[in-house]
Amino acid sequence: MTARAEHPERPRAVCVMNPGTAELVLPEDQRARLSALVRLAPDASGAELGAALADAEILVSGWGCPRLTADVLAEAPHLRAVMHAAGTVKPIVSEAVWERGIVVSSAADANAGPVASCTVALITLAARRTLTMAAGYADGWPDFADRSGADGLTVGIIGASRIGRRVIAELGRSDAGFQVLLSDPYVTDEEARRLGAERVELAELCARSSVVSVHAPLLPGTTGLLDATMLALIPDGGALVNTARGAIVDTDALTAECASGRLEAYLDVTSPEPLPPGHPLLSLPNVLVTPHIAGAQGSEVRRLGQYAVAEVARWVAGEPLLGEVTREALPRLA
């Protein structure tokens, strides 16, 4: 974590890039410690960006912020901290940021809550085979013997990310008695047990889980992780939930499984994203595709701004940042 530093009593300026992403409301006592607060629209020109960054010591960024390359940072000679009022910082952080020794924080923790809640809701729908039941509604209601529920359901969690861990915790608090499996190469058996899950290899997870939920970061090693072989292991009538990254799943293989009617899919992310018009996944009755809405939406976005504001206050006070992202950790993050 960031050690207490020789931060100036009055930082030169705070530049807010893309204020539409999250409302930034600094407490009066913190405003008094800032020399200036500059808000910059996402469609700002290069000249406007350069002018705003010229004196900025802190940048509060959001979705739509340009990548902080060496050329951009050349316009920000005093920049010392970036507080990202959104999730992943991978699109904006370049090697030049680390070379300059700039501190980076992400509001990913604030974004994780909505994603986890949405995921658990989708798992609950999948437990009831909701899409399949809805598709057959016109042909008459199913007999009770043909219905399914959540009690005792085995759910496979791929990736003990901050969201994956929250999903495991929420499933553990349910009175449904979920059996939770976890596949993550960085988690030990003992740690998985502490989280409330049983650690297994991916193939076993797929073979034993009625619902498989994806929470791994998109890395070279996870791209196409759920391929035709792994998807074929999921039992008939099972479901895939993906609120992580679309490219972790082989789209063609998933399309084939769903087109056969064997699996349901609840997808908030796809590859490509968005899917092209007419893609089979958009019309299959046992597939739900939503436009990347699991993360903070509408009123929830304020959480991200509040998180970034709190990080600014901590940095100004020389306190450790709760959402600090390090150079070493970045490759493993979503």
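Residues numbered from 1 in each chain as written. Predicted model: local features only at pLDDT ≥ 70, side-chain atom pairs only at ≥ 80, totals over all residues. Heavy atoms only, no water.

(A) Structural context of the packing of helix 5 (residues 108-127) against helix 12 (residues 302-316). It is at 8 Å that the axes of helix 5 and helix 12 come closest, and there the two elements cross at 155 degrees. Put simply, helix 5 runs roughly antiparallel to helix 12. Once helix 5 is placed against helix 12, the crossing between them reads as right-handed. Between helix 5, through Asp109, Ala110, Asn111 and Pro114, and helix 12, the contact on the second element is made entirely by Arg303, Leu304 and Tyr307. Of the residues in the contact of helix 5 with helix 12, the class split is four nonpolar, one polar and two charged. (Axes fitted to C-alpha atoms, helices over the stretch in contact; angles between N-to-C directions. Helix = DSSP H or I, 4+ residues; strand = E, 2+ residues; numbered from the N terminus. Parallel < 35°, antiparallel > 145°, perpendicular 65-115°, else oblique. Left-handed = near helix turned anticlockwise from the far one by under 90°. Contact = heavy atoms within 4.5 Å. Nonpolar A, V, L, I, M, F, W, Y, C, P; charged D, E, K, R; others polar.)

(B) Looking closely at the environment of Ile158. Structurally, the position occupied by Ile158 is in strand 6 (residues 154-158). Taking relative accessible area as the criterion, Ile158 reaches 2% and is therefore assigned buried. The spacing of Ile158 and Val212 is 54 residues in sequence and 7.5 Å in space, taken between C-alpha atoms. Contacts of Ile158, omitting those with residues within four sequence positions, involve Ser183, Leu202, Leu205, Val212, Ser213, Val214, His215, Ala216, Leu225 and Leu226. (Buried < 20%, exposed > 50% of the residue type's maximum accessible area, 1.4 Å probe, protein only.)

(C) Region of interest: helix 7 (residues 162-173). With twelve residues, helix 7 should reach 16 Å at 1.5 Å per residue; the first-to-last C-alpha distance of 17 Å fits that figure. All of the buried residues in helix 7 are Ile163, Gly164, Val167, Ile168 and Leu171. Relative to the axis of helix 7, the buried residues are bounded by an arc of 140 degrees and lie together on one face. Exposed side of helix 7, more than 90 degrees from the buried face: Gly172 and Arg173 are the residues found there. (Expected span 1.5 Å × (residues − 1). Arc of directions from axis to C-beta.)

Don't take any of this as a statement about function, it's just geometry.
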